[in-house]
Amino acid sequence: MHLEHIILFSKIANEKSISRVAAQNHISQPALSQQMQRLEDEVGFKLFERSNRGIELTEAGEAVYRCAKKVLGTLEDTFGELDQIRHSAAVQRLEIGASMTIGDHMLPRVLAAFCGRYPDVRAGVLVGNTREVCDALEDGRIDVGLIEGRDIPHSFQRTDFYTDHLVLAASPALAGELGDASPGRLGKVLWITREQGSGTEQYLDSFISSNHIRVENRIEYNSNFAIKEVVKQGLGVCFLSRLVMLDELRSGELVELPVRSSYTRDFSYILPNDRPLPDAAGVFLDLLGEVCATFSGG
């Protein structure tokens, strides 16, 4: 029993006309009648009979029609699933890892532009500290890493894409107590810092050393937001990206403390050395550069 015969049989049953189905399918009426005759020969029953209302199904024809609808319905469902599989295969995925400063304060704007321009790409995001992002890239859990730390635990292709300004900040009340923020005074206050493995923490030690500060007490947090909240309460000082504290510095909730010179670092993207990148990665990195050119840490 040929599928084409089943399809044409079902159409005739619906239309109650061989001539209309023949015209709709661009075949001659005699050729269609012959195909239906072969179908009747195969099943061993007469399937149609003519009446004043046109073509009518016999009892056997009704039985074949019920089965045909089930078969064609199953085929339709199958092709629907195949279309979904085809669509899923066509959808590109891009897994991105970002250290916290970048992930919280820069990546959302980049992703908004990226997803708006390339809606068929599905992006996944992992946000952690620099070490965690590097480990995820090494393990193959992400395709691209965006980091702020200098010391990375694995060998990757690394390219700088943004210069970030790090600032020392305190609440207005504590800033007033510190006055000129001499190294001696700064060494006596509590420092609220990021945890080991974060990019900010790596630069903090260099900043403290170059400014000859002997820090006596510090508390570590793995959250920029938490650090800001503690410092706003006047409990200590912090050394964070200006991007992180921009709103608080503008509102006066935090005050930038004077230091001997400005302190900057580079944000970088890292790529694996030993595996190909999805096509979407190159597009994302191009857009990353475009969007980051619009950022200002001041």
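Everything below is about the structure printed above this text.
Computed from a prediction, not measured in an experiment: that's the story for all the values here.

Topic: the overall build of the chain
- From N to C terminus, the chain includes 13 helices and 11 strands.
- The C-alpha radius of gyration of the chain comes to 35 Å, more than 25% above the 19 Å expected for a compact globule of 298 residues.
- By the burial criterion, 44% of the 298 residues in the chain qualify as buried.
- The long-range share in the chain, meaning contacts at least 24 apart out of those at least 6 apart in sequence, stands at 74%.
- Of the roughly 15700 Å² of accessible surface on the chain, a fraction of 49% belongs to carbon and sulfur atoms.
- Between the mean site of the 31 positive side-chain charges and the mean site of the 42 negative ones, the chain shows a separation of 3 Å.

What to know about unusual backbone geometry
- One non-glycine residue with positive phi stands out, namely Lys-16, at about 55°.
- Considering the arrangement of structural elements, one finds Lys-16 in the loop between α1 (3–15) and α2 (18–24).
- Its relative accessible area of 37% is what places Lys-16 among the partly exposed residues.

Let's talk about the layout of surface pockets
- Computed from the structure, the largest pocket encloses a volume of approximately 150 Å³.
- Lining the largest pocket we find Ile-18, Ser-33, Met-36, Gln-37, Glu-40, Lys-46, Phe-48, Glu-49, Arg-50 and Ile-55.
- Those elements giving two or more residues to the lining of the largest pocket turn out to be α3 (29–43) and β1 (48–51).
- By residue number, the principal contributor to the lining of the largest pocket is α3, which donates 4 residues.
- Its residues placed into classes, the lining of the largest pocket shows 4 nonpolar, 2 polar and 4 charged.

Regarding the pattern of salt bridges
- Taken as a whole, this structure holds 16 salt bridges when the rule is applied.
- Here Arg-117 and Glu-290 are joined by a salt bridge, their closest N and O atoms 3.7 Å apart. Taken together, the positions of Arg-117 in helix α6 (residues 107–117) and Glu-290 in helix α13 (residues 279–292) put the pair 173 residues apart, joining distant regions of the chain.
- Among the residues examined, Arg-117 registers a relative accessible area of 46% and is labelled partly exposed.
- A residue is classified by how much of its surface remains accessible, and Glu-290, at 45% relative accessible area, is partly exposed.
- A single network of salt bridges, built from pairs that share partners, joins Glu-148, Asp-164 and Arg-265.

Regarding α13
- Taking 1.5 Å of rise per residue, the 14 residues of α13 would be expected to cover 20 Å, and the 21 Å separating its terminal C-alpha atoms lies within 8% of that figure.
- Every buried residue of α13 is accounted for by Ala-280, Ala-281, Phe-284, Leu-285, Leu-287, Leu-288, Val-291 and Cys-292.

Structural notes on the environment of Tyr-221
- Inspection of the secondary structure puts Tyr-221 in strand β8 (residues 217–221).
- Between the C-alpha atoms of Tyr-221 and Gln-196, which are 25 residues apart in sequence, the distance is 9.4 Å.
- If we ignore the near neighbours within four places in the chain, the residues touching Tyr-221 are Ile-192, Thr-193, Arg-194, Glu-195, Ala-226, Ile-227 and Val-230.

Section: the packing of aromatic side chains
- For the coordinates displayed, the defined rule picks out 10 aromatic pairs.
- Between Phe-239 and Tyr-263 the ring centres are 5.8 Å apart and the planes differ by 70°, which places this aromatic pair in the edge-to-face class. Taken together, the positions of Phe-239 in strand β9 (residues 238–241) and Tyr-263 in strand β11 (residues 263–271) put the pair 24 residues apart, joining distant regions of the chain. Judged on exposure class, the residue Phe-239 and its partner Tyr-263 are both buried.
- Aromatic rings pair up to connect Phe-161, Tyr-162, Phe-267 and Tyr-269 into one cluster.

Notes on the packing of α1 against α3
- Direction vectors running N to C along α1 and α3 enclose 110°, while the axes themselves pass 10 Å from each other. By the criterion of interaxial angle, the relationship of α1 to α3 is roughly perpendicular. Mapping the contact onto sequence places Glu-4, His-5, Ile-6, Leu-8, Phe-9 and Ile-12 in α1 and Leu-32, Gln-35, Met-36, Arg-38, Leu-39 and Glu-42 in α3.
- Its residues placed into classes, the contact of α1 with α3 shows 7 nonpolar, 2 polar and 3 charged.

Reading the values: rules and limits
- Residues numbered from 1 in each chain as written.
- Predicted model: local features only at pLDDT ≥ 70, side-chain atom pairs only at ≥ 80, totals over all residues.
- Heavy atoms only, no water.
- Helix = DSSP H or I, 4+ residues; strand = E, 2+ residues; numbered from the N terminus.
- Rg over C-alpha atoms; globule rule 2.2 N^0.38 Å.
- Buried < 20%, exposed > 50% of the residue type's maximum accessible area, 1.4 Å probe, protein only.
- Contact = heavy atoms within 4.5 Å.
- Areas by Shrake-Rupley, 256 points an atom, 1.4 Å probe, with all protein chains shown as cover.
- Lys, Arg positive; Asp, Glu negative; His and termini not counted.
- Charge placed at Lys NZ, Arg CZ, Asp CG, Glu CD.
- 1 Å grid on protein atoms, 1.4 Å probe; cavity = no way out; pocket = protein on both sides within 12 Å on 5 of 7 lines; lining within 4 Å.
- Points joined across faces, edges and corners; volume = space filled by probe spheres on them.
- Nonpolar A, V, L, I, M, F, W, Y, C, P; charged D, E, K, R; others polar.
- Salt bridge = Lys/Arg side-chain N within 4 Å of Asp/Glu carboxyl O.
- Expected span 1.5 Å × (residues − 1).
- Phe/Tyr/Trp six-rings, centres within 6.5 Å; stacked < 30°, edge-to-face > 60°.
- Axes fitted to C-alpha atoms, helices over the stretch in contact; angles between N-to-C directions.
- Parallel < 35°, antiparallel > 145°, perpendicular 65-115°, else oblique.

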